[in-house]
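# Architecture and fold: a report
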There are 2 protein chains.
Amino acid sequence: MTKRQPLRTHWTLFALGLSLLAAACGGGGQGELVALAAERDMSPEDAARAIKSFVPPGKLDDYILFASGGHSGQVFAVGLPSMRLLKSIAVFTPESWQGYGYGADWSENAIAGGSIGNETLKWGDTHHPALSETDGDYDGRWLYINDRANGRIAMIDLTDFRTKQVVQIPNLMTSHGGVFATPDTRYVHVSSKVPAPKGWNPKVGTSVKIEDHLEHYPDLYRGYSTWLRIDQQNGRILLDESFQIELPPYTQDLADAGKGPSYGWGFMNSYNSEMATGGVNYGRPPLEAGASEKDFDFLHMVNWKKAEEAVAAGKAEVVNGIKVVSLDTAIAEGILFLAPEPRSPHGVDVAPNGSYITVAGKLDPRVTVYSIEKIEEAIAKQDFEGKDRYGIPILKFDSVVAGQVEVGAGPLHTQYDHEGYGYTSLFLESAVAKWSLGPPYHEGDKAFKLVDKIPVHYNIGHLATAHGDTMKPHGNYLVALNKWSIDRFTNVGPLHPQNLQLIDLTGEKMALLRDAPIGVGEPHYAQIISTKVLKPLRVYELGTDPGIMAKSDSAIAGGAESRIERRDGVVEVWMSVIRSQFNPDVIAAKKGDKVIIHLSNVEQTPDATHGFAVPTKNVNVSLDAGETTTVEFVVDTPGSYSFYCTEFCSALHLEMQGWIVVEG
Amino acid sequence: MTKRQPLRTHWTLFALGLSLLAAACGGGGQGELVALAAERDMSPEDAARAIKSFVPPGKLDDYILFASGGHSGQVFAVGLPSMRLLKSIAVFTPESWQGYGYGADWSENAIAGGSIGNETLKWGDTHHPALSETDGDYDGRWLYINDRANGRIAMIDLTDFRTKQVVQIPNLMTSHGGVFATPDTRYVHVSSKVPAPKGWNPKVGTSVKIEDHLEHYPDLYRGYSTWLRIDQQNGRILLDESFQIELPPYTQDLADAGKGPSYGWGFMNSYNSEMATGGVNYGRPPLEAGASEKDFDFLHMVNWKKAEEAVAAGKAEVVNGIKVVSLDTAIAEGILFLAPEPRSPHGVDVAPNGSYITVAGKLDPRVTVYSIEKIEEAIAKQDFEGKDRYGIPILKFDSVVAGQVEVGAGPLHTQYDHEGYGYTSLFLESAVAKWSLGPPYHEGDKAFKLVDKIPVHYNIGHLATAHGDTMKPHGNYLVALNKWSIDRFTNVGPLHPQNLQLIDLTGEKMALLRDAPIGVGEPHYAQIISTKVLKPLRVYELGTDPGIMAKSDSAIAGGAESRIERRDGVVEVWMSVIRSQFNPDVIAAKKGDKVIIHLSNVEQTPDATHGFAVPTKNVNVSLDAGETTTVEFVVDTPGSYSFYCTEFCSALHLEMQGWIVVEG
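Residues numbered from 1 in each chain as written. Chains lettered and ligands numbered in written order. Predicted model: local features only at pLDDT ≥ 70, side-chain atom pairs only at ≥ 80, totals over all residues. Heavy atoms only, no water.

Next up on the list: the overall build of chain A. When helices and strands are counted, chain A shows 11 helices and 45 strands. For chain A, the C-alpha atoms occupy an extent of roughly 80 × 75 × 50 Å along the three principal directions. The proportion of buried residues among the 664 residues of chain A is 71%. Of the roughly 19000 Å² of accessible surface on chain A, a fraction of 50% belongs to carbon and sulfur atoms. (Helix = DSSP H or I, 4+ residues; strand = E, 2+ residues; numbered from the N terminus. Buried < 20%, exposed > 50% of the residue type's maximum accessible area, 1.4 Å probe, protein only. Areas by Shrake-Rupley, 256 points an atom, 1.4 Å probe, with all protein chains shown as cover.)

This part is about the interface of chain A and chain B. With 198 residues of chain A in contact, the opposing surface of chain B contributes 199 residues. Of the roughly 18000 Å² buried where chain A meets chain B, counting both sides, 60% is carbon and sulfur surface. Between the two partners, chain A and chain B, sit 6 salt bridges. When the shortest N-O distance is used, the salt bridge between A:Lys362 and B:Glu655 registers 3.3 Å. With 10 residues, helix α3 (residues 44-53) of chain A is the largest single contributor of residues to the side of chain A that touches chain B. (Contact = heavy atoms within 4.5 Å. Buried area = accessible area lost by both parts, 1.4 Å probe. Salt bridge = Lys/Arg side-chain N within 4 Å of Asp/Glu carboxyl O.)

Another aspect to go through is the pairing of strand β6 (residues 152-157) of chain B. Residues and elements named next belong to chain B. Counting buried residues along β6, 6 of its 6 residues qualify, which places the element largely inside the surrounding structure. Neither face of β6 is left uncovered, since the one carrying Arg-152, Ala-154 and Ile-156 and the one carrying Ile-153, Met-155 and Asp-157 both have all their residues buried. Relative to β6, strand β5 (residues 137-147) is paired through 6 bridges, and the arrangement is antiparallel. Bridge pairing in β6 places Ile-145 opposite Ala-154. Here β5 hands over to β6 after 4 residues, the two strands then running antiparallel side by side. Pairing analysis gives 6 bridges linking β6 to strand β7 (residues 162-168), with the strands arranged antiparallel. Looking across to β7, one finds that Ala-154 is bridged to Val-166. Where β6 folds back onto β7 in an antiparallel hairpin, the turn is made up of 4 residues, including Phe-161, whose phi is positive at roughly 60 degrees. (Pairing = 2+ DSSP bridges.)

In this section: the relation of the copies chain A and chain B. Two chain copies here: they are related by a rotation about an axis and a translation along the same axis. Each copy of the sequence occupies a distinct position, and chain A is placed on chain B by a rotation of 180 degrees and an axial shift of 0.0 Å, giving an RMSD of 0.0 Å. Interpreted geometrically, this transformation is the action of a two-fold axis. When the interface residues of chain A are mapped onto chain B, 99% of them again lie at the interface, so the same face is used by both copies. (Least-squares fit on C-alpha atoms with pLDDT ≥ 70 in both.)

Residue and element names in this part refer to chain A. Read from one edge to the other, the open sheet built from 4 strands follows the order β25-β26-β27-β28, with strand pairing classed as antiparallel. Edge positions in the sheet fall to β25 (411-416) and β28 (450-455), since each has one partner strand and no second. Strand-to-strand, the axes of this sheet are offset by a mean angle of 25 degrees, without reference to chain direction. Sheet topology places strand β26 (residues 421-426) next to strand β27 (residues 431-436); 6 bridges connect them, and they run antiparallel. (Axes fitted to C-alpha atoms, helices over the stretch in contact; angles between N-to-C directions.)

Okay, structure coming up:
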């Protein structure tokens, strides 16, 4: 490597850069950059990729991509264009760096909210993040995410990037269709993945005989489309004001909310309308074959406005604590319709203007684009080809489809830009296809045409464009969420990182900028939001309990003092936390005592986070500046336990410790 | 942004690049790169940083930095120079993406090995990773890491990047000094952090009265230096062949192993030789004051070769299951010596040639460099200034110090390059200082001089250079592990990511290349290893149990068949796992049955990982190609549970599911 000059301040350098820019050929920065690239065996094109996606030291990313973490159970916040992991937000899975699920009461409460049956679940399979929206665009308030392994949803407050609520959605054993928010975040939607026994409740269960599973599947099982009402003050899910619509036991897959002309509708696709049961060991075909026999499955159209009216009119019954519109009522009230869709579809994505709904069937090389105007016209005319076995009207394919585009092998999901182009992931082909929507975006023979394709590496699932599923997409960046990386990264053992690839959409052709390994989970879907929309806190106001985002009664702030109170079997401590001491710092206790500690980080300096950890205990709290949290545990073994601050907070951080001295 | 040309294949582009390189001024790639940078408001210097640290799509990183994850409990593998997180390796904290601690037997066994007292610990505070060494250089076999919150150590097998062993080290309540490997990995070393009550055992405890804590601390508590013997075949820690040396209840801090001329020695520093107890609520000074009163603390020198001889001669006693050399024996056998070191030191780092030992005291602006030749000479001459209260001989400061260098405010840790320079982190100054060692590296007035300094952002703790604590440092890259990031990244709430900064050491002056946010833990220390040394598997041989790295008796491979066997209250299943089906895929059970499933991923394709997850259960397994794992759980609630593959493995991944049908 060549000898390089030292770095001085940024602005000096910038001035220097400008002068170099103006300099004559052969001198200064220009040739040097190409030479630097050549030195590292990089082509000029690679150098251009580096420059187009680099965020220099001291500068900030323009976007945050919120990606689900798959079976890590978390959500990842990744900066764009640098593709750096800014934060993994703990959601369903306890995570000790954030002190989530290690004693802090706000986190324990969140996790307990998602308990199922008789066990507290300690993991999840996060699938589809949904940013809250106002006027059809992301508003930066909240983020919702479902657990595909169970029928659960969580709410992350984007004020502090912490999970505040986990809810077990009644009647859902698993979830997939959603989360998607309505354009005003009145509701967020989650539907079941695999259907569950009718009326199934995780606490008491439902006895199922193996013969019934194999022989009476269509009668035994049901799915549900769930519309969860959102409290506009704090983003909380209000189960009492939410409702479900009973669905046939097809396997409902993805879902999206209508907007603009389709506002009031929700769309879900499905596979296994064959209702295959699996059971190779019972002589049945494997599900992959049994669920792929028919040429068409069903796009589900749900009119949630009409459902809301039916619920208001008392036409729903409460099942396991939530109002449910039965299949019969849904049919009678014009709430639920089906339309054929090419077999085993995966993605359903509403276009920015709300007129088009794109479905991609993984066993069909085309995207199929439905029109809400055609759908509403067909419903008005009762232009049905028949009904399914449950009596749900089936619209005629030709009556509701606006166009189809052959995009390539294994199309899955579609996102959009601001100019009326769709970008569809091609799993089998490992590529992204760009194609044109119809009027008003593109007319005549410009409509519904494949216009570009770019290879990705490898096996792309979802993809995301900036504000790409809002009414106002930005059209600059696309991220391909690839499932396999194989040879793209340094070998770190048989479990490979995922590969998120950043693609530049601003040119005539899509252009790959960089590969980003995600070695901490398996992102399924992501949304990309401008950082201008986000307004997170830098510190909490003194004494804030993150669980309620208000001053805690237990805070040491504005008068209350550090102290220890004792009563039978209980030692209760109000402890201040500041660089570099806990106060009180020595706690005497007897064997068997319950120790309750109200911890108040009394700092107001950004980044002045402290920790509180106790040896031999599953107690580890992360306290941000201004935060108050309560933790409790039993000291069941005598000894002297040196609790300490887990965040390297100051030069005297190592001395920031105290003792719990247990006699007994 | 300008319209850009499409990307074609890499080699075409490279040829194009070369032709552009040769092109005349004003055309082609050169000016274009500067223009691209200007378009993004980047200086040419920033563009150079981008190019110097970018790893283009399809190319690989040159180094892996293994960083501890702090109180996340994990270890992070980060590629250099791209600074991309390639993998978070689950160690002390269960992690569901890797299926670590969610049912897979190898992972449950590892975690259980670190259980303490009556509770299984579900987190850790990883501090100091130690790569195994051969001939004083990293050999890429194993990685060891301690849990600072408890006296624990874990072993990660770099064949598959999985944690295989967690060990609770007897007599240690917390740990800090280590892990460091001897140059031949005969031993890895861990010493206590805060001392524990003498003879403390986590299961039965030791009753401590508060008065004794406050008044009799010097008699009540002890620390231990632990030398853990390593099985050279599989990297396992052999507790039976390990030993400890009893230490005074100073707070022992960091440690390092001797090498070359200092082979056979271990070095530890300490603070709180005042033995302050804390107790502001008892009228005592806070620890940060009480532990900083004296001008000198003690560097500990441990002769582990002599200790090994003493143990072999039966001079150790077994305490809580490990052989312990008592303080008296250590003194009598010439195993333990002290030397004054400037107050409250933090880092102790042996130079590549093994002659120098650098200590940095955070309350002293100098690094102090000891000489092993001087130490051995002083010991031979019994040139002591006296003894501490426990009778340990104290060497004279002036007799053992080779030099001191004033480097700046708050020096902590030192790493080295191949030319005899030390790089010391300056916490208070937020900078890295480069300074010269003495002979044979630098003679006369070139020795022990500060030669360069670079600011970092902010509050640097540890730092790492490539192979920087081996006998063969590479001298090209340095990574600053900064504790605060404040304004360096897009705001993601009050808990900020850590900031790892990549610094280029190849020029006359150190040069900052990039900031890397670590938003998933709080790295403390890291080691950087060339990827050429690592030889991880891409797939397991068919039927491999990762716990033993040999064929599992339960594998479906080479003849054994998928099957279900039933006996009273037990359903035992041998299940094959392959794209896109489980076999068997429907399992009938009765309420209350224990279900045991031996899962065999029968693929041999790299990246063909499958998952196995069960709704409502804390069961989630990640099975790499070739792997066999066993999971068991009780079906306590009737119902039909749709288990499924959590890795998006194929186009028909969604159909890769089965049923556990529970009657009852």
